[in-house]
Amino acid sequence: MRATERLYYSDSHLIEFEAQVTDRTERVSGWTAVTLDRTAFYPTGGGQPSDTGTLNGLRVVECVDDDSENVLHMIQGRAPEVGAAVTGMIDWPRRLDHIQQHTGQHIFSQAFISLFKAPTRGFRVLDQSCEIDVELMNPTDAAIDRAVELTNNVIWEDRAITIKTVGADEAANLPLRKEPSRKGPLRVIEIEGFDLTPCGGTHAFRTGEVGMIAVRSWERAKGLTRIEFLAGGRALADYRRANKTARSVAALFSSARDDAAKLAARLVDENKELHRRVRGLDEIAARVEADELRRDVSLTVGEGLRIINKVFDNRDAESLKRLALALIAHPKTIALLGSHDKDAARLVFAKSADAPGDMNALMRSACETLDGRGGGKLDLAQGGGRNINKLGEAIDQAAKTLI
Ligand SMILES: [Zn+2]
C-alpha cells in the first residue's frame, strides 16, 4: 500500500478534499483507524496536536502516523468501508490556531538565534498556550521582551513564507536553523529574509497571518529557559482573560483597572499593620483574662503554688498558648488549659520557672487519654487528640498528679 499523500504539505489552507479509503482497522472500545490514499489532516507530531474534522460527516477526533508513513484517522462508531470515496473536512478554527502557534514559534525561535545565538530545544502546543525551551543563558524580562518585539516586527512586516524541497547535498550548504531530523530530500520552510528551517508542519502563507505573539511567563528549567507564549487568537483570548481578571480586582477597589495593583499592595501593607496591632491587643486581652482566671478558677496547693485548669469551647492552639503564657508570667503558677471543637481536643500545659512538675511528661500522659499526640519541654507542652469526651478527665488527671 502506498503511503498516504499529505495534502497539507503543499497547501496548509486546504480544508476540504476528496479521497479513497485504503484500509481500516478496528481498535478497542469501538474505535476505527481509517487510512486514506490522500489526506489534508495533520497528524499529532512535532509538539503539535493533530487536526480534527470529519470524513463523510463522521467525526475524526485524532490523527496519528503509523509505522509505514500512513496517516490514521481515528473515528468512534460507524466508519467508512475500504474502497469508499470520502469527503474530508478539516476544522478550520483549530487548524488556523495551530498554524498561528507553530509559525509564531518559527519566528520566535529565530529571534532568539538572531539576538542571543540561543537555539530552541523543545516546543509544545498546550491547551491554552505554548511552551518553548530555549538555550538562553542569562534570561531576563528585558531580553525576552526584545525577542518578542523582534518577532512581532517580523509578523507585522507580513513577510512571505515559502516551502521548498531540497536534496541532502543542497541542504548541507543552507543556513538551516536546526539539524534535519530525517534523511533524504528535505522540506524547508523559508520566512523571507529571516528564517530557514526543515519542518513537516502547517504554516501560514505570510507572517501577518500569525497576528501577534505575547509572552505570559518564563522560568529556568533543567538548564534551559522555558517560555510560555501565545500567538494569534490565543493572545487575544489571553488578553481578554487577563483584562477580565484585572477589571474584577479593580472593581473590588472601585478603581481604574491599572490602579488596582497599587491599591492591592497598599491593602496588604495595611493588613500586616492590623495583624500587628491585633497581636498586641490579644496579648493585653490574655493578661486581663489571666487575672480573671487566677481569681475565679485557681486552686492553691502547698506553699502558694497555684494551679489553673480550664476547658474552653472552640479556642485555637495559638490563643490557648497565649493565655497560658500570660498565666505563668505570675510566679508559682501552673496552667492546664484545654479546648475542643466538634472534631478535636487541644491542650496546653505550662508552668512558671519556680513551679514544680514536668509539663512534657504530663502532656504525654494526657494525650494518651485523648487518643492523640503531643509533647514539649519541661515548662511548656502542647498536644491534642480526637477523644474530645475525655478532655476534662485528662486535665483533672494532670492536676491530681501535681497535688
Ligand atoms: Zn514548522
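Everything below is about the structure printed above this text.
What comes next is a walk through the structure. (Residues numbered from 1 in each chain as written. Predicted model: local features only at pLDDT ≥ 70, side-chain atom pairs only at ≥ 80, totals over all residues. Heavy atoms only, no water.)

1. Describing the coordination of the zinc ion
So, step 1. For the zinc ion, the full set of protein donor atoms is His 102 (NE2), His 106 (NE2), Cys 199 (SG) and His 203 (NE2), at a range of 1.9 to 2.2 Å.
So, step 2. Each of the four donor atoms around the zinc ion contributes to a set of angles spanning 99 to 123°, which defines the coordination as tetrahedral.
So, step 3. Sequence positions of the donors to the zinc ion reduce to the motif H-x3-H-x92-C-x3-H. With His 106 in helix α1 (residues 92-116) and His 203 in the loop between β13 (195-198) and β14 (213-221), this residue pair connects regions lying 97 residues apart in the sequence.
So, step 4. Of the residues examined, His 106 reaches a relative accessible area of 2% and is grouped as buried.
So, step 5. A residue is classified by how much of its surface remains accessible, and His 203, at 4% relative accessible area, is buried. (Donors = N, O, S within 2.8 Å, 3.2 Å for Na, K, Ca; no water. Tetrahedral: all angles 85-135°; square planar, octahedral: opposite > 155°, others 65-115°. Helix = DSSP H or I, 4+ residues; strand = E, 2+ residues; numbered from the N terminus. Buried < 20%, exposed > 50% of the residue type's maximum accessible area, 1.4 Å probe, protein only.)

2. Some remarks on the pattern of salt bridges
So, step 1. Here the structure, examined in full by the defined rule, presents 26 salt bridges.
So, step 2. Here Asp 238 ties to Arg 241 by a salt bridge, and the two come within 3.1 Å at their closest N and O atoms. A residue pair is termed a helical-turn pair when its members lie 3 or 4 positions apart in one helix, as Asp 238 and Arg 241 do in helix α4 (residues 233-253) at three residues.
So, step 3. The class for Asp 238 is buried, based on a relative accessible area of 13%.
So, step 4. A residue is classified by how much of its surface remains accessible, and Arg 241, at 32% relative accessible area, is partly exposed.
So, step 5. Linked by salt bridges that have partners in common, Arg 124, Glu 131, Asp 133 and Arg 226 make up one network. (Salt bridge = Lys/Arg side-chain N within 4 Å of Asp/Glu carboxyl O.)

3. Here we look at the side chain of His 98
So, step 1. In this structure, His 98 sits in helix α1.
So, step 2. Here His 98 falls in the buried class, since its relative accessible area comes to 2%.
So, step 3. Setting aside its immediate chain neighbours within four residues, His 98 contacts Gln 48, Pro 49, Ser 50, Val 125 and Arg 234. (Contact = heavy atoms within 4.5 Å.)

4. With respect to a nonpolar patch on the surface
So, step 1. Residues Leu 281, Ile 284 and Val 288 make up a contiguous nonpolar surface patch of about 280 Å² in total accessible area.
So, step 2. Here Leu 281 shows up in helix α5 (residues 260-296). (Patch = residues over 30% accessible without salt bridge, like charges linked within 9 Å, V, L, I, M, F, W, Y side chains within 5 Å. Areas by Shrake-Rupley, 256 points an atom, 1.4 Å probe, with all protein chains shown as cover.)

5. Concerning the nonpolar core
So, step 1. Ile 107, Phe 108, Phe 112, Ile 132, Val 134, Ile 213 and Ile 227 are the most contacted members of the largest nonpolar core, which totals 28 residues.
So, step 2. Taken together, the elements giving at least two residues each to this core come down to α1, β9 (120-125), β10 (130-134), α2 (141-156), β12 (186-191) and β15 (224-231).
So, step 3. Excluding its chain neighbours within four sequence positions, the residues that come into contact with Ile 213 are Gly 104, Phe 108, Val 148, Thr 151, Asn 152, Ile 155, Leu 230 and Ala 231.
So, step 4. Counting 22 residues, the second-largest nonpolar core is a separate cluster that includes Val 301, Leu 305, Ala 366 and Ala 399. (Core = buried A, V, L, I, M, F, W, Y, C linked by side-chain atoms within 4.5 Å.)

6. Remarks on the pairing of strand β18 (residues 333-340)
So, step 1. By the criterion of burial, β18 is predominantly enclosed, with seven of the eight residues buried.
So, step 2. Across eight bridges, the pairing between strand β17 (residues 305-313) and β18 is parallel. Bridge assignment links Phe 312 to a residue of β18, and that residue is Ser 339.
So, step 3. Where the polypeptide runs from β17 across helix α6 (residues 317-327) and back to β18, its parallel neighbour, the crossover connection is right-handed.
So, step 4. Here β18 pairs with strand β19 (residues 345-351) via seven bridges, running antiparallel. Bridge pairing in β19 places Leu 336 opposite Phe 349. (Pairing = 2+ DSSP bridges. Right-handed = clockwise from strand over helix to strand, strands pointing away.)

7. Notes on the side chain of Arg 346
So, step 1. Mapped onto the fold, Arg 346 is located in strand β19.
So, step 2. At a separation of 3.1 Å, a polar atom in the side chain of Arg 346 contacts the main-chain carbonyl oxygen of Arg 315.
So, step 3. Ignoring sequence-local partners within four residues, the contact set of Arg 346 consists of Arg 315, Asp 316, Ala 317, Leu 320, Leu 337, Gly 338, Ser 339, Asp 341, Gly 383, Gly 384 and Leu 391. (Polar contact = N/O pair within 3.5 Å; in protein donor to acceptor, adjacent residues only side chain to side chain.)

8. Considerations on the packing of helix α7 (residues 359-370) against helix α8 (residues 391-402)
So, step 1. Orientation of α7 relative to α8, taken along the N-to-C sense of each, is 150°, at an axis distance of 9 Å. With respect to their mutual orientation, α7 and α8 come out roughly antiparallel. The handedness of the crossing between α7 and α8 is right-handed. Judged by residue contacts, Leu 362, Ala 366, Thr 369 and Leu 370 of α7 engage Leu 391, Glu 393, Ala 394, Gln 397, Ala 398, Thr 401 and Leu 402 from α8.
So, step 2. Its residues assigned to classes, the contact of α7 with α8 shows seven nonpolar, three polar and one charged. (Axes fitted to C-alpha atoms, helices over the stretch in contact; angles between N-to-C directions. Parallel < 35°, antiparallel > 145°, perpendicular 65-115°, else oblique. Left-handed = near helix turned anticlockwise from the far one by under 90°. Nonpolar A, V, L, I, M, F, W, Y, C, P; charged D, E, K, R; others polar.)

9. Quick look at the pairing of strand β8 (residues 85-90)
So, step 1. Here β8 shows one buried face, formed by Val 86, Gly 88 and Ile 90, and one open face, formed by Ala 85, Thr 87 and Met 89.
So, step 2. Pairing geometry for strand β2 (residues 16-26) and β8, over five bridges, is antiparallel. From the neighbouring strand, Glu 18 faces β8, where its bridge partner is Thr 87.
So, step 3. Here strand β5 (residues 53-55) pairs with β8 via three bridges, running antiparallel. Bridging across to β8, Gly 53 finds its partner in Ile 90.

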